[in-house]
Amino acid sequence: MLLTVRRNTAVAINCSFSSALSDERQDIQKKTFTKWINSHLIKTQCAPVNDLFLDLRDGNRLLALLSVLTDTQLKPVKGRMRVHNVNNLKKALQVTREHGTKLVNIFPDGIVSGEPTLAAGFGSYVVDCFDSFCKKVLSSFRMLRLSRETFEGCKLSIFISM
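Under the annotation held in an unreviewed UniProt entry, the chain carries the name Calponin-homology (CH) domain-containing protein and is attributed to Glossina pallidipes.

In structure tokens:
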């Protein structure tokens, strides 16, 4: 009976540790994508992003970002109602699809509702589609993760050549 309690305790500790890692990963993605967006929004008259999940809900900043990245004029739908926000996000999703990004399980309604996983997922798709430097970094992290799984116990580093 004592052994079962210890197992359950260990499982609870592992689950909370895994949750903490997930939260930390989400915070890192949020900060990184916010900085990346703001570095591109400097070229527009749009206000910078402070809170990623709140500021992208209306689609205006996403359309401004995509305008800079694609060198096209993308005008948002005027209005502040949910319908207008969803239409702006639909337009942003359509632009990314037109540039060769296959979006999986990313819906405008979820981003308008402020779901963090959808906003972060869409952000990673945009970065992956439009930023070649970030593509190199992402591929390096994928290779590092694969290497760590393959060569467990060895010290590995990331090398990026530009």
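A. Spatial organisation of the side chain of Thr34. In this fold, Thr34 is placed in helix 1 (residues 2-41). When near neighbours in sequence (up to four residues on either side) are disregarded, Thr34 contacts Val49, Asn50 and Leu52.

B. Up close: unusual backbone geometry. Even without a glycine there, the phi angle at Asp71 is positive, about 55 degrees. Note on Asp71: relative accessible area 72%, which makes it exposed. If you check the backbone angles, Asn105 has positive phi at about 60 degrees while not being a glycine. Relative to the elements of secondary structure, Asn105 occurs in the loop between helix 4 (82-98) and helix 5 (108-112). Here Asn105 falls in the exposed class, since its relative accessible area comes to 56%.

C. Here's a closer look at the pattern of salt bridges. All told, the structure shown has two salt bridges when counted by the stated rule. Notably, a salt bridge pairs Asp51 with Lys30, separated by 3.1 Å at the nearest N-O pair. Of the two residues, Asp51 is situated in the loop between helix 1 and helix 2 (52-55) and Lys30 in helix 1; the sequence distance between them amounts to 21 residues. Taking relative accessible area as the criterion, Asp51 reaches 24% and is therefore assigned partly exposed. For Asp55, the salt bridge identified is with Arg61, shortest N-O distance 3.7 Å.

D. Representation of the packing of aromatic side chains within the structure. In total, this model carries one aromatic pair according to the counting rule given. Residues Phe33 and Trp36 carry aromatic rings whose centres are separated by 5.9 Å and whose planes lie at 20 degrees to one another, so their mutual orientation is stacked. Here Phe33 pairs with Trp36, and both are found in helix 1, just three residues apart, close to one helical turn. Trp36 matches Phe33 in its accessibility class, with the two residues each being buried.

The rules behind each value
- Residues numbered from 1 in each chain as written.
- Predicted model: local features only at pLDDT ≥ 70, side-chain atom pairs only at ≥ 80, totals over all residues.
- Heavy atoms only, no water.
- Helix = DSSP H or I, 4+ residues; strand = E, 2+ residues; numbered from the N terminus.
- Contact = heavy atoms within 4.5 Å.
- Buried < 20%, exposed > 50% of the residue type's maximum accessible area, 1.4 Å probe, protein only.
- Salt bridge = Lys/Arg side-chain N within 4 Å of Asp/Glu carboxyl O.
- Phe/Tyr/Trp six-rings, centres within 6.5 Å; stacked < 30°, edge-to-face > 60°.

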